[in-house]
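Below, each chain spelled out in residue letters.
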Amino acid sequence: MPWCPNCKTEYREGIETCADCGSHLVKSLNEEERATDACSILYGDEKQVRMIENHLKEKGFTSVFSIRKKDLENANTESVQGKQYELYVSAEEREDVIKCAAEFMRSTSPRSEEEMQRMAQASAARMASKGSGKEYKTAKERYSDLKSSGIMLLCFGVAGLVFMVLVILDVIPINFSGYNALIAYSVMGIFFGALFISGIMSLVSAKKMNSANDEEKKQLDELNEWRSQNLTKEMIENKFPGDAAEDEQIYFIRYDYMKDALSKEFPDLKEEFLEYYTESVYSEYFE
């Protein structure tokens, strides 16, 4: 017959939890048999252990239960006072429970003022960089910008020069005479000529940037190939479990780890490109 390890109440077969305290029932109150049935994962004061136990039960871990530790019940030393409760779980759920409990304790543990300030500053810096208009642009984006700007400047320049020629030939009747005509034609010629030349230069730069785009594609393929083997989402989650939406520190830990790993493997990457790529991969994995 099952027993409640806390209330010492016996229940009929088929019942799994205690009606009074909510603890998971055990097959026997015998210490040796209970140790065989479950694994101890942590101990602490009643409030702390109960809080973790309730969280684990909410997450669906049905084998979790806590027991008041008899060997510490009457202890007088400071090292064990107030730590009379121990948390147990089945061997099958042990690994998952330990991960879940660690995440919960990390998310609820108080942070120092310095740590909170560092996280706030880093978060503010990240938001500022996103809204500053100085985000990294890929070679493809820069090529597209230069090409569209060059075409636009070239069109305005050609249109302006044609307009000026038509005015000089009196096809478009605008009366300029003497000194005023000289100033008007000079200003228009310089302005529209500058637009035309700027358009040509932008298109030349776009052609060069197209070559840089091909090189960047090769670099991205190399980076993606490496991280698909050495920096996967599963690897990062296993190393740093948690939810960044609930614990902002997880974002910084994962981001710094990814950036450091990439910089060590590809030491020639420019800092702005490294930050851009790291942020892109993080967004792909976790957002």
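In this text the structure is predicted, and so the values were computed from the model without any measurement.

Visitor: Can you lay out the pattern of salt bridges for me, pointing to particular residues and giving the numbers?
Guide: Summed over all chains, the structure comprises 6 salt bridges. In this structure, arginine 50 engages glutamate 53 in a salt bridge whose closest nitrogen and oxygen atoms are separated by 3.5 Å. A residue pair is termed a helical-turn pair when its members lie 3 or 4 positions apart in one helix, as arginine 50 and glutamate 53 do in helix α2 (residues 46-58) at 3 residues. For lysine 57, the salt bridge goes to glutamate 53, with nearest N and O atoms at 3.0 Å. One end of the pair is lysine 57 and the other is glutamate 53, both in helix α2 and 4 residues apart, which spans about a single turn. For lysine 57, a relative accessible area of 27% translates into the label partly exposed. Using a relative accessible area of 1% as the deciding quantity, one classes glutamate 53 as buried. The network of salt bridges with shared partners includes Arg50, Glu53 and Lys57.

Visitor: Talk me through the side chain of glutamate 216; I want residue IDs and the actual numbers.
Guide: Topologically, glutamate 216 is positioned in helix α7 (residues 178-230). The side chain of glutamate 216 is buried and forms no salt bridge, while arginine 142, the nearest opposite charge, is found at 4.0 Å. Leaving out residues up to four positions away in the same chain, glutamate 216 has contacts with Tyr136, Thr138, Ala139, Lys140, Arg142 and Phe273.

Visitor: With reference to specific residues and values, describe the packing of α7 against helix α10 (residues 271-286).
Guide: Orientation of α7 relative to α10, taken along the N-to-C sense of each, is 50 degrees, at an axis distance of 13 Å. For the element pair α7 / α10, the angle class is oblique. In the crossing of α7 with α10, the sense of the turn from one axis to the other is right-handed. Note on element contacts: α10 touches α7 through Phe273, Tyr277, Val281, Glu284 and Tyr285, opposite Glu216, Gln219, Leu220, Leu223, Asn224 and Arg227. When grouped by side-chain class, the residues that make up the contact of α7 with α10 number 6 nonpolar, 2 polar and 3 charged.

Visitor: Tell me about the packing of aromatic side chains, and please be specific about residues and values.
Guide: What the rule picks out here adds up to 6 aromatic pairs. Measuring from ring centre to ring centre gives 5.2 Å for phenylalanine 191 and phenylalanine 192, while their planes differ by 65 degrees; the resulting arrangement is edge-to-face. Judged by relative accessible area, which is 47%, phenylalanine 191 ranks as partly exposed. Measuring from centroid to centroid gives 5.9 Å for tyrosine 285 and phenylalanine 286, while their planes differ by 85 degrees, and the two rings are edge-to-face. Residue phenylalanine 286 is classed as partly exposed on the basis of its relative accessible area of 21%. Site record: aromatic cluster; members linked through ring pairs are Phe273, Tyr276 and Tyr277. For arginine 254, the ring lying beneath its charged end belongs to phenylalanine 286, and the centroid distance is 4.4 Å.

So, how was this worked out
Residues numbered from 1 in each chain as written. Predicted model: local features only at pLDDT ≥ 70, side-chain atom pairs only at ≥ 80, totals over all residues. Heavy atoms only, no water. Salt bridge = Lys/Arg side-chain N within 4 Å of Asp/Glu carboxyl O. Helix = DSSP H or I, 4+ residues; strand = E, 2+ residues; numbered from the N terminus. Buried < 20%, exposed > 50% of the residue type's maximum accessible area, 1.4 Å probe, protein only. Lys, Arg positive; Asp, Glu negative; His and termini not counted. Contact = heavy atoms within 4.5 Å. Axes fitted to C-alpha atoms, helices over the stretch in contact; angles between N-to-C directions. Parallel < 35°, antiparallel > 145°, perpendicular 65-115°, else oblique. Left-handed = near helix turned anticlockwise from the far one by under 90°. Nonpolar A, V, L, I, M, F, W, Y, C, P; charged D, E, K, R; others polar. Phe/Tyr/Trp six-rings, centres within 6.5 Å; stacked < 30°, edge-to-face > 60°. Lys NZ or Arg CZ within 6 Å of the ring centre and 35° of its normal.

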